[in-house]
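This is what each chain is made of:
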Amino acid sequence: MRTLKNWTLSSRDAHGVTLLLDGRHSLVITVLEDALFRVCLKKDGNWRLDRTWSVAPEEDVAFEGRSRDDLSGFTLPDFTVEDGESLTLATETLRLSIANPLTMRWEARQADGSFALLAEERPTGAYMLGIRDHRASHFLLRKPGERVYGLGEKSGDLERSGRRYEMRNLDAMGYNARSTDPLYKHLPVTFTVTPDAGSFSVFYDNLATCWFDLGNELDNYHKPFRAYRALDGDLDYYFAFAPDVLDLVKGHTKLTGGSAFMPRWALGYSGSTMAYTDRPNAQEELEGFLAKLAEHDIPCDSFQMSSGYTSIGAKRYVFNWNYEKFPDVEAMTKKFADAGLTLIANIKPALLQDHPRFTEALDAGLFVTDSETNSYADAVYWDDSGAHLDFTNPATIAWWKEGVTEQLLKKGIACTWNDNNEYEIWDDGARCHGFGNEIPIALIRPLHSMLMSRASRDAQVAFAPEERPYLISRAGCPGIQRYVQTWTGDNYTRWDTVRYNIRMGLSLSLSGIYNVGHDVGGFSGPKPEPELFVRWVQNGIFHPRFTIHSWNDDGTANEAWMYPEILPLIRDALKFRYRLTPYLYTLTWLATTAHEPMLRPTFLDHPQDAKTFAETDDFMIGRDLLVANVVEKGATERVVYLPENETGWWDFWSGSYHRPGTEVTLPVTLESMPLFVRAGAVITLTDGADRASTEADKSRTLAIFPVPGDFAAESLAFEDDGRTIDWQQDKARRVTRFGLSGTADGLALSIASQGDFRPAYETARILLPAGETRAISINGKTVGNGDTVSL
């Protein structure tokens, strides 16, 4: 590789400047927003891949991708250019100075109006470019006191400094949540908190294999640095500034297209296990799951069918039903529908060589093609080898949609679980159709998981156009959240997994992937012991996705009723999850409409409190609930730090108030689920619902958590029928604003709703914490704690 040093100003236009590097390469700097710049390095003035599928600031991109030259969706503000000893581009908020040899310095405007150094590149070589290939590297200096977050689904601590990470999607079954790398997803974005100048993010829009070294590497010839190195593709990055990380996270999520709004029932418990569909009497096992739910009084909304339904022997064959295991598919799906459960079927994007339809797909040219022959690119897959479908080929997309429709949707299975889609094809030159413009697989390996999911989504929408689609995908890249919910893959059953999966979920959320969860109970390895299983369930209920899933070594299944002695605790946790459904559903709406993360590190809402940046098992679900799960074996107490805010915190269970910035030590038993509420919040709850659907939500409790003394606060609640595609229109929804205020003498709650949707309930029960003694009025009428009011 060669370090790029010398540059001259080649041109300037209304949106930025172009530099000529070493007389041959182009460096294009574009001012997209007041606090968002883009830097693109074009080798010999040309794109390596002239399209992106990740960047979608305004609307979804076409299947064929979005031109990298397309600037639509950005405001493209005015900026100034000064050409002196260095070239300086500046907006009202962000200033970029470029020196010779090529080095960039980023400065951000502070609250007092001055500019402060935010980030700077390594002066002894900031950019490197492959001589005979398309490798590229970018180097920033590391500064004392910086904290780095992001990179999506990564193991270990939430703060990333001092370590090295690889983006190369793998089927990492049984991974160690503390240390295994890489994993399933490709999310090349970091968020850096500086000690005194605010925060910045760097998003590299490149799907090729890459590495982030965040201080693991030392070199005597350079100051301490951090590095991004890509094996191929374009060096095309987005640099953003904000005073706090939250705005960066929301901005990045918007940049990559926002989040899908899933149906309400998707917040319910979803059953799953490999064990049922692997057994000879699989249909009987699945139908037995329904009976066990009723027998043990366990609420549930869906079941995820593992791939055993497609088996021939021990292998899996997508769109192939094993009718010996499932003699009457339609009868089974009807039983699930009658019980109010949605079925979700596992589908895989590769065909083994002995797949019944392999020759059909091969003759139709549906596979990724080998780099040296015109045959398929052979790859190891599910204890054999086979061919991966090429989702950059319109014929493949059509074939896939037909398979989803005929083999699943028409048989009564409404949703898809897009799995094993990491595309482990290691012939980097293997050829993809590229929608008519051939692309080597090395440039777009993670893209296939996204386009596969999109094709599945489109099939579901075409079949049920009045229903909001629900999908799952294990692998992905920036933009996958536009179509699916995801999870952290095939985790291993151990105590550490619970702790580090919490961090993994938070990192995904920081990186723009909000709708996430984990395999509760552990997927791979031994079945969980009773205490571990209880703690895993108690943790899982506070995540957007809640699924108990397993492929235990002994062939058993993780089931809610697997240990009779703890079944009451499992039931209590699940029923509390259902009680929270109205609050959680509002969070999913805010995630879609306002790009608000659902899972939030405590520092995200309390950046002024240095203590919240310490590694912790605590997290926020929404901005109002602080979850402090017990994740240590045999714990008898739980220490919780309650961040500095302006209002303080309430213990949800005891009703006791705690001042902000205090540490509390709670005695805990196996029943304990420590939970705190931000004072000033109104939490909407339901009572007695055994489904997460709107139809099952027939009551409402308003849990009100006032602030001591004089205050005013506002909360929101969103409601609709849980399925409608018209959820953005007033005719199909209701948005309720709760204005909570108080003085030393009393409390007042105003309730105002907008929209025509009417839920099944007409009243709400008022619930105040035990430690609150002030009287309260609702819309001007004095009521007592526990009273019912009309809505």
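Criteria and cut-off values
- Residues numbered from 1 in each chain as written.
- Predicted model: local features only at pLDDT ≥ 70, side-chain atom pairs only at ≥ 80, totals over all residues.
- Heavy atoms only, no water.
- Helix = DSSP H or I, 4+ residues; strand = E, 2+ residues; numbered from the N terminus.
- Rg over C-alpha atoms; globule rule 2.2 N^0.38 Å.
- Buried < 20%, exposed > 50% of the residue type's maximum accessible area, 1.4 Å probe, protein only.
- Contact = heavy atoms within 4.5 Å.
- Areas by Shrake-Rupley, 256 points an atom, 1.4 Å probe, with all protein chains shown as cover.
- Axes fitted to C-alpha atoms, helices over the stretch in contact; angles between N-to-C directions.
- Parallel < 35°, antiparallel > 145°, perpendicular 65-115°, else oblique.
- Left-handed = near helix turned anticlockwise from the far one by under 90°.
- Nonpolar A, V, L, I, M, F, W, Y, C, P; charged D, E, K, R; others polar.
- Pairing = 2+ DSSP bridges.
- 1 Å grid on protein atoms, 1.4 Å probe; cavity = no way out; pocket = protein on both sides within 12 Å on 5 of 7 lines; lining within 4 Å.
- Points joined across faces, edges and corners; volume = space filled by probe spheres on them.
- Salt bridge = Lys/Arg side-chain N within 4 Å of Asp/Glu carboxyl O.
- Core = buried A, V, L, I, M, F, W, Y, C linked by side-chain atoms within 4.5 Å.

Engineer: Would you explain the overall build of the protein in this entry?
Structural biologist: Helices and strands together make up the secondary structure of the protein, namely 13 helices and 55 strands. The C-alpha radius of gyration computed for the protein amounts to 27 Å, which stays within 12% of the reference 28 Å derived for 791 residues, consistent with globular compactness. By principal-axis analysis of the C-alpha atoms, the protein measures approximately 75 × 70 × 50 Å. Of all 791 residues assigned to the protein, the portion counted as buried reaches 64%. For the protein, long-range pairs separated by at least 24 residues make up 68% of all intrachain contacts whose partners lie at least 6 apart in sequence. When the accessible area of the protein is evaluated, it comes to approximately 27700 Å², of which 48% is carbon and sulfur surface.

Engineer: Any chance you could explain the packing of helix α6 (residues 394–407) against helix α8 (residues 447–463) here in plain terms?
Structural biologist: Describing two packed helices takes the angle between their axes plus the distance from one axis to the other. Across the interface, α6 lies against α8 with an axial gap of 9 Å and an inter-helix angle of 50°. Between α6 and α8, the crossing angle belongs to the class labelled oblique. Helix-helix and strand crossings are classified by hand; for α6 and α8 the assignment is right-handed. Contact residues: I397, W400, K401, V404 and T405 in α6; M452, A455, S456, D458, A459 and F463 in α8. The residue inventory of the contact of α6 with α8, partitioned by class, reads seven nonpolar, two polar and two charged.

Engineer: For this particular structure, what's the right way to read the sheet that holds strand β21 (residues 235–242)?
Structural biologist: What links the strands of a sheet is backbone hydrogen bonding, and the strands pair in either a parallel or an antiparallel sense. Spatial strand order, β2-β3-β4-β5-β21-β18-β17-β15: eight strands in an open sheet with antiparallel pairing. In this open sheet, the two edge strands, each paired with only one partner strand, are β2 (7–13) and β15 (147–150). Strand after strand, the sheet turns through a mean of 20° between neighbouring axes, direction not considered. For β2 and strand β3 (residues 16–21), the ladder comprises six bridges, and the chain directions are antiparallel. Within β3, the residue paired with R12 across the bridge is V17.

Engineer: Could you clarify how one ought to interpret the sheet that holds strand β40 (residues 619–621) in this entry?
Structural biologist: The antiparallel open sheet is built from six strands, whose spatial order is β39-β40-β41-β46-β43-β44. Because the sheet does not close on itself, it has two edges, and the strands there are β39 (599–600) and β44 (657–658). One ladder, built from two bridges, connects strand β43 (residues 649–651) with β44; its direction is antiparallel. Bridged to W649 within β44 is H658.

Engineer: Just checking my understanding: could you explain helix α10 (residues 530–540) for this structure?
Structural biologist: α10 sits mainly inside the fold: 10 of its 11 residues count as buried. Residues of α10 that are buried include every one of E531, L532, F533, V534, R535, W536, V537, Q538, N539 and G540, and no others.

Engineer: How should I be thinking about the side chain of R678 in this particular structure?
Structural biologist: Secondary-structure assignment places R678 in strand β46 (residues 675–678). By relative accessible area, which is 12% here, R678 ends up buried. In contact with R678, other than residues within four places in its own chain, are R623, D624, N645, T647, G648, W649 and F705.

Engineer: Teacher, can you tell me more about the layout of surface pockets here?
Structural biologist: Any space left empty among the atoms is revealed by the rolling of a water-sized probe across them. Taken as a whole, the largest pocket encloses approximately 580 Å³ of empty space. Along the wall of the largest pocket there are 31 residues; nearest its centre are D171, W382, D383, N420 and W551. Of the residues that constitute the lining of the largest pocket, the class distribution is 11 nonpolar, nine polar and 11 charged.

Engineer: Mind showing me how you'd approach the pattern of salt bridges here?
Structural biologist: A side chain of one charge can pair with a side chain of the opposite charge when the charged atoms of the two come close. Scanning all chains against the criterion turns up 61 salt bridges. R474 is the partner of D171 in a salt bridge, and the nearest nitrogen-oxygen pair spans 3.2 Å. Placement of D171 in the loop between β16 (164–167) and β17 (189–193) and of R474 in the loop between β33 (471–473) and β34 (485–487) is noted, with a sequence separation of 303 residues between them. Exposure remark for R474: the relative accessible area of 1% places this residue in the buried category. A salt bridge links E330 to K411, with the shortest nitrogen-to-oxygen separation between them at 3.9 Å. Here E330, found in helix α4 (residues 329–338), pairs with K411, found in the loop between α6 and β30 (415–418); they are 81 residues apart in sequence, far enough to count as distant. The structure contains a network of salt bridges with shared partners spanning D157, R499, R503, E615, D617 and E632.

Engineer: Quick question: what am I supposed to make of the nonpolar core here?
Structural biologist: Nonpolar side chains tend to gather and get buried jointly when the protein is soluble and globular. Judged by nonpolar contacts, the single largest core of 172 residues is most densely connected at W53, Y269, M305, W400 and L749. Counting residues per element, this core draws most heavily on helix α11 (residues 567–579), at seven residues. In contact with M305, not counting residues within four places along its chain, are L286, W321, F326, M332, L343, I344, A345, N346, I413 and W417. With 47 residues, the next largest nonpolar core counts L87, A119, Y228 and A230 among its residues.

Engineer: How should the pairing of strand β12 (residues 115–120) be read in this particular structure?
Structural biologist: Residues in a regular strand point their side chains to alternate faces of the sheet. Among the six residues in β12, five count as buried, and that is most of the element. Counting the residues that bridge the hairpin from strand β11 (residues 103–109) to β12 gives five residues, and of these G113 lies at a positive phi of roughly 95°.

Engineer: Is there a simple way to explain the environment of K698 in this structure?
Structural biologist: Positionally, K698 belongs in the loop between β47 (681–685) and β48 (701–705). By relative accessible area, K698 is classed as exposed at 61%. With 634 residues separating them in the primary sequence, K698 and E64 have C-alpha atoms 45 Å apart. Filtering out sequence-adjacent residues up to four positions away, K698 remains in contact with T686, A760 and Y761.

Engineer: I'm lost on the packing of helix α9 (residues 495–510) against α10 in this one. Help?
Structural biologist: Relative to each other, α9 and α10 sit at 10°, their axes nearing to 10 Å. Taken as axis vectors, α9 and α10 run roughly parallel relative to one another. Mapping the contact onto sequence places W495, T497, V498 and I502 in α9 and E531, L532, R535, W536 and N539 in α10. Of the residues belonging to the contact of α9 with α10, the class tally is five nonpolar, two polar and two charged.

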